[in-house]
Structure formats: structure tokens, C-alpha cells
Amino acid sequence: MTTRRPLTLINSVAPIRVCDNGGWTDTWFAGHGRIFNIGVYPYAEVQIAVYPDADREARIIINAENYGERYAVRPEVHWDKHPLLEAAIAYMRLPTDLSFEVTIYSEAPGGASTWSSRRWDSGL
């Protein structure tokens with residue numbers, strides 16, 4: 001059996017946000033206001049493996065490690081388990097002649113009153 005090798009690996013980290021000061025004051029119905037967040041550790045970690053082939057059924061795979069979920073995404077059809085992640089992938093308009101495996105993880109526990117308090121897709 002041959003092991004697939006990615007063309008490239010893209011690694012990225014981003015701090016989680018806390019302290020949503022001024023929340024809701026930047027909405028259309030407030031009419032005025034500003035908000036700011038504070039970015040802190042632990043980070044959300046993302047790795048994207050880019051492959052030279054484009055498998056039509058599993059061209060984009062998401063590994064949501066904190067939820068033990070690995071699944072194929074078809075963002076042009078519908079959003080499913082983690083809509084914000086899937087919408088971000090759809091927004092990037094990835095080349096159709098390549099395939100991608102996106103792995104996301106954070107040490108931030110669910111229910112910690114940060115963006116990760118419910119699900120990845122609730123405020124990333």
C-alpha cells in the first residue's frame with residue numbers, strides 16, 4: 001500500500017478570545033459603540049495538508065480533533081457538523097484539482113466562557 005504524501009503542509013495558530021468588552025454595542029440596533037477582545041493562550045491550532053489529487057467524494061476532509069470527528073466536506077452543497085469551519089472553507093474557494101485535509105485542535109475546554117464554550121462553529 002502506498003502512503004499519500006502531501007504537496008505541502010500549512011501550519012497556523014491563533015489565540016482564543018476572552019473579555020468581550022462592549023459586546024453588542026457594535027450591532028446595527030445599538031447605533032454606536034465599539035468592542036474589543038483579548039487574545040490569550042491556549043491557541044487554536046490548524047494544519048492543512050494539500051494533496052495533488054482531487055478525490056470527488058472526499059476532496060476536503062475536516063478533522064475536528066476536540067470532537068473526535070473526521071468527515072468529508074462538500075461546501076458547495078451544504079454545511080453540516082461545524083458550519084463556521086465549513087463556511088470558511090467555502091469562502092476560500094479552494095482549487096478543484098487538489099484535495100485538502102484540515103485538522104483543528106485547541107486545549108481550551110468547552111464551557112470555559114471563551115469562543116470554544118459550545119462548539120468550534122459557535123464563534124471562531
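No experiment lies behind these values; they were computed from the predicted model shown.

## Regarding a nonpolar patch on the surface
A cluster of nonpolar side chains, Val13, Tyr41 and Tyr43, forms an exposed patch at the surface whose accessible area comes to about 320 Å². By the element assignment, Tyr41 lies in strand 2 (residues 36-51). You can call Tyr41 exposed: its relative accessible area is 54%.

## Side note on the pairing of strand 3 (residues 60-64)
Counting buried residues along strand 3, 5 of its 5 residues qualify, which places the element largely inside the surrounding structure. With burial as the criterion, each face of strand 3 is covered, one bearing Ile60, Ile62 and Ala64 and the other bearing Ile61 and Asn63. Between strand 3 and strand 4 (residues 69-73), which pair antiparallel one after the other, the connecting turn spans 4 residues, and Gly68 there sits at a positive phi close to 65°. As defined by bridge partners, strand 3 adjoins strand 5 (residues 99-106) across 5 bridges and the pair is classed as parallel. Bridge assignment links Ile62 to a residue of strand 5, and that residue is Val102.

## Some words on the environment of Asp53
Looking at the element boundaries, Asp53 is found in the loop between strand 2 and strand 3. Overall, the relative accessible area of 34% leaves Asp53 in the partly exposed class. In this structure the C-alpha to C-alpha distance between Asp53 and Arg4, which are 49 residues apart in sequence, comes to 9.8 Å. Ignoring sequence-local partners within four residues, the contact set of Asp53 consists of Arg4, Asp97, Leu98 and Ser99.

Conventions adopted
Residues numbered from 1 in each chain as written. Predicted model: local features only at pLDDT ≥ 70, side-chain atom pairs only at ≥ 80, totals over all residues. Heavy atoms only, no water. Patch = residues over 30% accessible without salt bridge, like charges linked within 9 Å, V, L, I, M, F, W, Y side chains within 5 Å. Areas by Shrake-Rupley, 256 points an atom, 1.4 Å probe, with all protein chains shown as cover. Salt bridge = Lys/Arg side-chain N within 4 Å of Asp/Glu carboxyl O. Helix = DSSP H or I, 4+ residues; strand = E, 2+ residues; numbered from the N terminus. Buried < 20%, exposed > 50% of the residue type's maximum accessible area, 1.4 Å probe, protein only. Pairing = 2+ DSSP bridges. Contact = heavy atoms within 4.5 Å.

These values are about where atoms sit, not about what they do.
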